Amino acid sequence: MRKEHAGVTDCQQDKTEFYRDVMVGLRKSAKSLPSKYFYDARGDVLFQQIMRCPEYYLTRCEEEIFKKQTNTLVKYLFQPGKRVDLIELGVGDASKTHHLLARLLEKDYEFTYRPIDISTHIITELQTSLPTKFPSINISAFQGDYFAGLAEFQKISSLPKIVLFLGANIGNMPREQAQDFCKQVRQYLNKGDRMLVGFDLMKNPRIVQAAYDDEAGLTWRFNINLLHRINSELGADFNTDLFEHYCQYDPIDGTCSSYLVSLLDQVVHFSKEKISFEQGEVIHMEVSQKYKLEEINALAERACFSPIHRITDSKAWFVDAIWEA
Ligand code: AVI
């Protein structure tokens, strides 16, 4: 629920923050926009479509792990008879987690499922759909920032925690930021708590490149949608026909970078400022980092976790890494 304080709504504050982040990115000599703003209602729909498109293998790989290796997940994450909080960061439609939840309920594990997501729409939807599918589930969701959610759950419960961070969401942070993120999550955990993180692995560059440059143009629309969002929410006048999507995968470093390219010299107006683009100039939109298996344990250890187990899909394209705090 949106709160009002001192006459300023959270909604207005979000907008100010959005405007500030956009301006900071577009005023830089190497322009960029933060990919966290991809996910408005239209962006959520486009991302759902990307997850189902033939080239985007990530979702299918992790879905296979959750479907076919559910018992291994349970074995390394849960202890029979020990009641826990199962916290999921950035939950989406929870379709992969469904497999795990079903098995836990079937085997009478005791847990409260605590999803955290920034999207009000996703949280509201989940709070009705999950109890319909699993009538015996205990669910207590949080809408907002991951760390605000972790802080809130720490306040209301002292049960051991199991944290899920699926979907290679960690890949949308550059390596150093991913490291800091894991360290920060660790601060909300007690010794013995567990965390599962989904990583996309380095593989044939053509497979990665295709996943971020799909035939149907969904990824193109997903990126361009952020310009539409800036137009409608911040009053800018981007002509989206004058930008095209470009993505490049660096197979040595494992970094897949998405850009929007300006097709002409042009000026985009905001109510109080204007931003110039040269023909061929790019806006960096997103990083999707791919990892080598061996770097993942080092990342865990630097964030003060002990690696416990790793589960890969049958093609070894994706891994769910399980760590102990
Ligand atoms: C959400 N995240 C893990 C996706 C990814 O693969 O980086 C977002 C995405 N961007 C383009 N396609 C999918």
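Predicted model only: the values in this text are computed from it and were never measured.

1. Topic: the pattern of salt bridges
And then number 1: For the coordinates displayed, the defined rule picks out 15 salt bridges.
And then number 2: With a shortest N-O distance of 3.0 Å, R27 and E273 are connected by a salt bridge. Placement of the pair is R27 in helix α1 (residues 10-27) and E273 in the loop between β10 (266-269) and β11 (274-277), with a sequence separation of 246 residues.
And then number 3: According to the relative accessible area criterion, R27 is exposed, its value standing at 51%.
And then number 4: Note on E273: relative accessible area 25%, which makes it partly exposed.
And then number 5: We note a salt bridge from R229 to E233, for which the minimum N-O separation is 2.9 Å. Note that R229 and E233 are positioned in helix α10 (residues 218-234) at a spacing of four residues, about one turn of the helix.
And then number 6: It is possible to trace a salt-bridge network through shared partners that takes in R20, D21 and K36.

2. Here we look at helix α3 (residues 57-68)
And then number 1: For α3, with twelve residues, the first-to-last C-alpha span of 16 Å sits near the 16 Å given by 1.5 Å per residue.
And then number 2: Turning to α3, its buried residues number three or more, namely Y57, L58, T59, C61, E62, E64, I65 and F66.

3. Quick word on the site of the ligand
And then number 1: Neighbouring the ligand are 14 residues; Y56, N172, Y212, E286 and S288 lie closest to it.
And then number 2: One of the side-chain N or O atoms of N172 is found 2.8 Å from a nitrogen atom in the ligand.
And then number 3: Taking S288, its side chain carries an N or O atom lying 2.7 Å from an oxygen atom of the ligand.
And then number 4: The fraction of the free accessible surface of the ligand (340 Å²) that becomes covered by protein chains is 99%.
And then number 5: Of all the secondary-structure elements, those providing two or more residues to the shell around the ligand are α2 (41-52), α10 and β12 (282-289).
And then number 6: Partitioning the shell around the ligand into residue classes produces eight nonpolar, five polar and one charged.

4. Thoughts on the packing of α2 against α10
What describes two packed helices is the angle between their axes and the distance between those same axes.
And then number 1: Relative to each other, α2 and α10 sit at 160°, their axes nearing to 9 Å. Between α2 and α10, the crossing angle belongs to the class labelled roughly antiparallel. Between α2 and α10 lies a crossing whose hand is left-handed. On α10, the residues touching R42, G43, L46, F47, Q49 and I50 of α2 are L218, T219, R221, F222 and N225.
And then number 2: Here the residues of the contact of α2 with α10 are counted per class, giving five nonpolar, four polar and two charged.

5. Considerations on the environment of V197
And then number 1: Positionally, V197 belongs in strand β7 (residues 194-200).
And then number 2: For the pair V197 and A321, spaced 124 residues apart in sequence, the C-alpha to C-alpha distance is 5.3 Å.
And then number 3: Look past the residues within four positions of V197 in its chain and what remains in contact with it is F165, I170, V319, D320, A321 and W323.

6. Re the sheet that holds strand β5 (residues 142-143)
And then number 1: Pairing is mixed in the open sheet, where seven strands are placed in the order β5-β4-β3-β6-β7-β14-β13. On the outer flanks of this sheet lie β5 and β13 (306-312), each paired with one strand and no other.
And then number 2: Across two bridges, the pairing between strand β4 (residues 111-117) and β5 is parallel. Looking at β5, one finds that D117 is bridged to Q143.
And then number 3: Where helix α4 (residues 70-77) meets the sheet, its contacts fall on β6 (161-165), β7, β13 and β14 (318-324), and the angle it forms with β13 comes to roughly 175°.
And then number 4: Contacts from helix α7 (residues 146-156) reach β3 (84-89), β4, β5 and β6 within the one sheet, and its direction differs from that of β4 by about 150°.

7. What to know about the UniProt feature "domain: Histidine-specific methyltransferase SAM-dependent" (unreviewed entry) in the chain
And then number 1: Using the residue numbers shown here, the UniProt feature "domain: Histidine-specific methyltransferase SAM-dependent" (unreviewed entry) corresponds to residues 19-324.
And then number 2: Between the first and last C-alpha atoms of residues 19-324 the distance is 39 Å; the span itself is 41% helix and 24% strand.

Rules used throughout
Residues numbered from 1 in each chain as written. Predicted model: local features only at pLDDT ≥ 70, side-chain atom pairs only at ≥ 80, totals over all residues. Heavy atoms only, no water. Salt bridge = Lys/Arg side-chain N within 4 Å of Asp/Glu carboxyl O. Helix = DSSP H or I, 4+ residues; strand = E, 2+ residues; numbered from the N terminus. Buried < 20%, exposed > 50% of the residue type's maximum accessible area, 1.4 Å probe, protein only. Expected span 1.5 Å × (residues − 1). Near = heavy atom within 4 Å. Polar contact = N/O pair within 3.5 Å; in protein donor to acceptor, adjacent residues only side chain to side chain. Areas by Shrake-Rupley, 256 points an atom, 1.4 Å probe, with all protein chains shown as cover. Nonpolar A, V, L, I, M, F, W, Y, C, P; charged D, E, K, R; others polar. Axes fitted to C-alpha atoms, helices over the stretch in contact; angles between N-to-C directions. Parallel < 35°, antiparallel > 145°, perpendicular 65-115°, else oblique. Left-handed = near helix turned anticlockwise from the far one by under 90°. Contact = heavy atoms within 4.5 Å. Pairing = 2+ DSSP bridges. UniProt positions renumbered as here; feature names shortened; annotations may be inferred.

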